[in-house]
Amino acid sequence: MIRKLRNAHYKSTEQFFGTNNTEITAGNTIGNPVRLSPLRVITQTGVAIEDGVILATGTYRLSADVIVEGTTAGLISIQIEDNGTPLAETVRTVSVGVGESVEIPTETVRYFETCCSLNHTLDLVVYSDGTAVADVVLMSGNIIKLA
């Protein structure tokens with residue numbers, strides 16, 4: 001559905017966070033990641049972004065932080081996806097040990113073009129290397145329309 005935006009050039013932002021524990025198991029590999037979003041628990045301003053969906057063409061800053069607590073040692077990765085396609089520059093991998101808390105930040109600036117009924121739905125995903133087991137204890141981030 002195409003919506004006529006009041007002013008697509010307004011600076012817009014959406015902020016999200018969550019503190020509920022989400023378990024990442026050894027079975028949650030890159031082929032079966034845990035989606036910490038769609039980015040839906042949001043404080044929003046402006047009109048160019050709605051519920052993690054970019055509605056207006058422009059340059060955006062995407063950032064996210066995840067804190068994980070390890071249950072089994074291994075590697076944990078996060079990435080931001082656009083309509084299910086990973087944004088390669090956002091992939092971050094860290095080593096996590098048993099009982100260890102690790103912060104995983106990611107960030108990028110990207111130009112998104114919208115037209116017709118094409119929008120960009122953004123998701124934050126977390127996955128294991130196949131050995132690591134961890135709990136996501138905090139996630140936060142934002143989407144900011146820069147220009």
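The structure we're discussing is the one just above.
Below: a short report on this structure.

The rules behind the values
- Residues numbered from 1 in each chain as written.
- Predicted model: local features only at pLDDT ≥ 70, side-chain atom pairs only at ≥ 80, totals over all residues.
- Heavy atoms only, no water.
- Salt bridge = Lys/Arg side-chain N within 4 Å of Asp/Glu carboxyl O.
- Helix = DSSP H or I, 4+ residues; strand = E, 2+ residues; numbered from the N terminus.
- Buried < 20%, exposed > 50% of the residue type's maximum accessible area, 1.4 Å probe, protein only.
- Core = buried A, V, L, I, M, F, W, Y, C linked by side-chain atoms within 4.5 Å.
- Contact = heavy atoms within 4.5 Å.
- Phe/Tyr/Trp six-rings, centres within 6.5 Å; stacked < 30°, edge-to-face > 60°.

Once that is clear, we can look at the pattern of salt bridges. Pairing is possible between side chains of opposite charge, provided their charged atoms come close. Under the counting rule described, the total for this entry stands at three salt bridges. A salt bridge links arginine 110 to glutamate 89; the shortest N-O distance between them is 2.8 Å. With a gap of 21 residues between them, arginine 110 in strand S11 (residues 101-112) and glutamate 89 in the loop between strand S9 (85-86) and strand S10 (92-96) connect regions that are remote in the sequence. By relative accessible area, which is 30% here, glutamate 89 ends up partly exposed.

The nonpolar side chains of a soluble globular protein tend to be buried, and buried together. Counting residues in each nonpolar core, the largest one holds 29 residues, and the members touching the most others are Leu36, Tyr60, Leu62, Val66, Val68, Ile76 and Leu124. Only strand S7 (58-72), strand S8 (74-82), S10, S11, strand S12 (120-128) and strand S13 (133-145) provide two or more residues apiece to this core. If you tally residues by element for this core, the top one is S7, at five residues. In this structure isoleucine 76 touches Ile24, Val68, Arg92, Thr93, Val94, Val96, Ile104, Val126, Tyr127, Ser128, Ala132 and Ala134, once residues within four positions along its chain are discounted.

Okay, the packing of aromatic side chains next. Geometrically, a pair of aromatic rings is defined through the distance of the ring centres and the angle of the planes. Per the counting criterion, the structure on display carries one aromatic pair. Geometrically, the ring pair formed by tyrosine 60 and phenylalanine 112 is edge-to-face, given 5.9 Å between the ring centres and 65° between the ring planes. Of the two residues, tyrosine 60 is situated in strand S7 and phenylalanine 112 in strand S11; the sequence distance between them amounts to 52 residues. With a relative accessible area of 1%, phenylalanine 112 lands in the buried category.

What follows deals with the environment of valine 98. Note that valine 98 resides in the loop between S10 and S11. With a relative accessible area of 65%, valine 98 lands in the exposed category. Each C-alpha atom of the pair valine 98 and threonine 72 lies 5.2 Å from the other, and the pair is 26 residues apart in sequence. When residues no more than four places from it in sequence are discounted, the contact partners of valine 98 are Gly70, Thr71, Thr72 and Ala73.

Without other data, these values stay purely geometric and don't point to any function.
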